[in-house]
Amino acid sequence: CVLNCKILTKPQIHATTNIKQEGGVHEGRPHYDFISLSKELLPPGSLYDTRTVPFNFRGVEKIHETYHGRNVSVKYFVQVEVKRQWLPPITAEHEVLVQIPGVEPSVNEPIKMEVGIEDCLHIEFEYEKRCYHLH
């Protein structure tokens, strides 16, 4: 991955530039973080022009897929924070979407289901496959 730092105003003197990767389950206000990693990208100094900084969080297993529901969401994001002396930090955040592709089952036989009320009504459903992809 690559971070592009664009300086739009005068040169920025910064204490440090950090990048964080977080993942969590959000249910309104309280949330549960299951990933939280941080590393320093740039040592203290000055940023005078546009700079490209490569970064990588190696060996991070993303065990949950991204999900946005009505009451809960599972999100991963990358946040960059430029800490400055005597000034508030500059932060930017970008959501990362995670999809974990599953393996199609080798045997996908038809399935039958019966629904009914004792001796009154019986309905039988037959599906071509046991598993379907959610396109």
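A. Expanded view of the overall build of the protein. Check the secondary structure of the protein and you find zero helices and eleven strands. Of the regular secondary structure in the protein, the N- to C-terminal order runs β-β-β-β-β-β-β-β-β-β-β. Each of the 135 residues in the protein was classed as buried or not, and the buried ones make up 24%. In the protein, the proportion of contacts linking residues at least 24 apart, taken out of those at least 6 apart, comes to 52%. Roughly 11,000 Å² of accessible area belongs to the protein as shown, and the carbon and sulfur atoms make up 54% of that amount.

B. Inspection of the pattern of salt bridges at higher detail. A full pass over the atoms with the stated rule returns one salt bridge. One salt bridge in this structure joins lysine 20 and glutamate 22, with 3.4 Å as the shortest N-O distance.

C. How the structure looks around the nonpolar core. The biggest cluster of nonpolar side chains holds nine residues, and these are Ile19, Leu41, Leu42, Leu47, Val53, Phe55, Phe57, Val78 and Val80. Looking at this core, the elements that each hand over two or more residues are strand S4 (31-42) and strand S8 (73-84). By size, the runner-up hydrophobic cluster in this structure holds five residues, among which are Phe34, Ile35, Val74 and Tyr76.

D. Representation of a nonpolar patch on the surface within the structure. Side chains of Met113, Val115, Ile117, Leu121, Ile123, Phe125, Tyr127 and Tyr132 sit close together on the surface and give an oily, nonpolar patch of about 730 Å² of accessible area. Elements with a minimum of two residues in the nonpolar patch: strand S10 (111-117) and strand S11 (121-127). When residues in the nonpolar patch are grouped by element, the largest group, four residues, is from S11. According to the relative accessible area criterion, isoleucine 117 is exposed, its value standing at 54%.

E. Representation of the environment of asparagine 56. If you trace the backbone, asparagine 56 turns up in the loop between strand S6 (51-54) and strand S7 (67-68). With 17 residues separating them along the chain, asparagine 56 and lysine 39 place their C-alpha atoms 9.6 Å apart.

F. Highlighting the side chain of threonine 66. Mapping threonine 66 onto the fold places it in the loop between S6 and S7. What makes threonine 66 buried here is its relative accessible area of 18%. Among the polar contacts listed, one links the side chain of threonine 66 to the backbone nitrogen of valine 98, at a separation of 2.7 Å.

G. A look at the packing of aromatic side chains. Under the counting rule described, the total for this entry stands at two aromatic pairs. Aromatic pair tyrosine 32 and phenylalanine 34: ring centres 6.3 Å apart, planes at 50 degrees, arrangement tilted. Between the aromatic rings of phenylalanine 34 and tyrosine 76, the centroid separation amounts to 5.5 Å while the plane-to-plane angle is 75 degrees, which identifies the pairing as edge-to-face. Of this pair, phenylalanine 34 sits in strand S4 while tyrosine 76 is found in strand S8, placing the two residues 42 residues apart along the sequence. For tyrosine 76, a relative accessible area of 1% puts it in the buried group. Within the aromatic cluster, the residues linked to one another by ring pairs are Tyr32, Phe34 and Tyr76.

What counts, and at which threshold
Residues numbered from 1 in each chain as written. Predicted model: local features only at pLDDT ≥ 70, side-chain atom pairs only at ≥ 80, totals over all residues. Heavy atoms only, no water. Helix = DSSP H or I, 4+ residues; strand = E, 2+ residues; numbered from the N terminus. Buried < 20%, exposed > 50% of the residue type's maximum accessible area, 1.4 Å probe, protein only. Contact = heavy atoms within 4.5 Å. Areas by Shrake-Rupley, 256 points an atom, 1.4 Å probe, with all protein chains shown as cover. Salt bridge = Lys/Arg side-chain N within 4 Å of Asp/Glu carboxyl O. Core = buried A, V, L, I, M, F, W, Y, C linked by side-chain atoms within 4.5 Å. Patch = residues over 30% accessible without salt bridge, like charges linked within 9 Å, V, L, I, M, F, W, Y side chains within 5 Å. Polar contact = N/O pair within 3.5 Å; in protein donor to acceptor, adjacent residues only side chain to side chain. Phe/Tyr/Trp six-rings, centres within 6.5 Å; stacked < 30°, edge-to-face > 60°.

By themselves these figures say nothing about function.
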